[in-house]
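A closer look at the structure
Letter by letter, the chains look like this.
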Amino acid sequence: MWIQKTIHLNAQKRGFHLITDEIEQQIHEVNSLSVGLLHLFIQHTSASLTLNENADPTVRSDMESHFNKFVPERAPYYKHTYEGDDDMPAHIKASTLGNSVTIPITNGRLALGTWQGIYLGEHRDYGGSRTVIATIQGE
């Protein structure tokens, strides 16, 4: 079985956001699968998807702090500046982290590790709502 759905995520402030619940609420088809894969692809160049710690929210704030230091705004060598100081760094962060994740499905559930969750990396100050294409394959 193959299913593809468009998921619209609520607008978030800049930072890393745990979106596992928001995703799971929109992909009920997973419940009927004994084995499969969920592929999530974000259709934006200034936001990212990644998997990481789902229990301690300081991990998300530390990720944001690190990436802001690692990829600073207003670097003198940026040429792409007309969309704001946060835009070029957002593109770099999105390329570094990636635009997709693939998660196994086992017995009707996402087979995430005990402390794993799906993160939206919102790299713009005002990124707006985000669109994710979910492709489900399984039986």
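The rules behind the values
Residues take numbers from 1 onward in each chain, read along the sequence in its written order. Reporting of local features is limited, given that this is a predicted model, to residues whose pLDDT is at least 70; pairs of side-chain atoms are given and counted only at 80 or more, and all residues count toward the totals for whole chains, interfaces and linings. Values shown for side chains rest on all heavy atoms present in the structure; no hydrogens or waters enter the calculation. Note on pairing: two strands pair once DSSP finds at least 2 bridges between them. A run of DSSP states H or I qualifies as a helix once it reaches four residues; a run of E qualifies as a strand once it reaches two. Both are numbered from the N-terminal end. Under the scheme applied here, a residue whose accessible area is under 20% of the maximum for its type counts as buried, over 50% as exposed, and between as partly exposed, the area being computed with a 1.4 Å probe on protein chains only. By convention in these notes, a salt bridge is any Lys or Arg side-chain nitrogen within 4 Å of a carboxyl oxygen on Asp or Glu. Throughout this description, a polar contact denotes any pair of N or O atoms lying within 3.5 Å of each other; where both atoms belong to protein, one of them has to be capable of donating a hydrogen while the other can accept it, and for residues adjacent in sequence the pair is counted only when both atoms sit in side chains. Whether two residues touch is decided by their heavy atoms; if any such pair falls within 4.5 Å, the residues are in contact. Fitted lines through C-alpha atoms give the axes, limited to the stretch in contact for helices. The angle between two N-to-C directions lies from 0 to 180 degrees. To form a nonpolar core, buried Ala, Val, Leu, Ile, Met, Phe, Trp, Tyr and Cys residues must be joined to one another through side-chain atoms within 4.5 Å.

1. Description of the sheet that holds strand S5 (residues 100–106)
- Strands sit in the order S1-S8-S3-S5-S6 across an open sheet of five strands; the sheet is antiparallel. Whereas interior strands pair on both sides, the edge strands pair on one side only; in this sheet they are strand S1 (2–9) and strand S6 (109–110).
- Two strands pair when backbone bridges link them, and strand S3 (residues 35–42) and strand S8 (residues 130–138) are joined in this way by seven bridges, in the antiparallel orientation. Its bridge partner being in S8, histidine 39 is matched across the sheet by threonine 135.

2. With respect to the pairing of strand S7 (residues 116–122)
- Counting buried residues along S7, six of its seven residues qualify, which places the element largely inside the surrounding structure.
- Judged from the seven bridges that link them, strand S4 (residues 47–53) and S7 form a sheet pairing that is antiparallel. Bridging from a neighbouring strand, alanine 47 pairs with glutamate 122 of S7.

3. Considerations on the pattern of salt bridges
- This structure, assessed with the given rule, holds nine salt bridges.
- Here aspartate 86 makes a salt bridge to arginine 124, at a shortest N to O gap of 3.0 Å. Highlighted residues: aspartate 86 in the loop between helix H2 (57–70) and helix H3 (87–97) and arginine 124 in the loop between S7 and S8, separated in sequence by 38 residues.
- Residue classification places arginine 124 among the buried residues on the basis of a relative accessible area of 15%.
- Ionic pairing is found between arginine 130 and glutamate 122, a salt bridge with its closest N-O pair at 2.8 Å. Per residue, the accessibility class of arginine 130 equals that of glutamate 122, and both read buried.
- Among the ionic contacts, a cluster of salt bridges with common partners joins Arg14, Glu64, Glu73, Arg74, Asp85 and Asp125.

4. Some points on the side chain of glutamate 122
- Inspection of the secondary structure puts glutamate 122 in strand S7.
- A distance of 2.8 Å separates polar atoms of two side chains, one belonging to glutamate 122 and the other to arginine 130.
- When residues no more than four places from it in sequence are discounted, the contact partners of glutamate 122 are Gln12, Lys13, Arg14, Gly15, His17, Ser46, Ala47, Gly127, Gly128 and Arg130.

5. Focus on the sheet that holds strand S2 (residues 15–18)
- The strand order across the open sheet formed by three strands is S2-S7-S4, and the pairing between neighbours is antiparallel. Both edges of this open sheet fall to S2 and S4, since each of them pairs with a single strand only. Each adjacent strand pair in this sheet contributes to an overall mean axis angle of 35°, direction not counted.
- Lying on the sheet, H2 is in contact with S2, S4 and S7; it crosses S2 at an angle near 155°.

6. Considerations on the nonpolar core
- Among the nonpolar cores identified, the biggest contains 22 residues, and Ile23, Ile27, Leu38, Leu40, Leu110 and Ile136 are the most heavily contacted of them.
- When contributions to this core are tallied by element, the ones reaching two or more residues are S1, S3, S4, S5, S7 and S8.
- Excluding its chain neighbours within four sequence positions, the residues that come into contact with isoleucine 136 are Met1, Trp2, Ile3, Ile27, Glu29, Val30, Leu33, Leu37, Leu38 and Ile105.
- Core analysis: the next-biggest nonpolar cluster, separate from the first, contains five residues, Phe16, Met63, Leu97 and Tyr119 among them.

Functional significance is not addressed by these values, which are geometric in nature.
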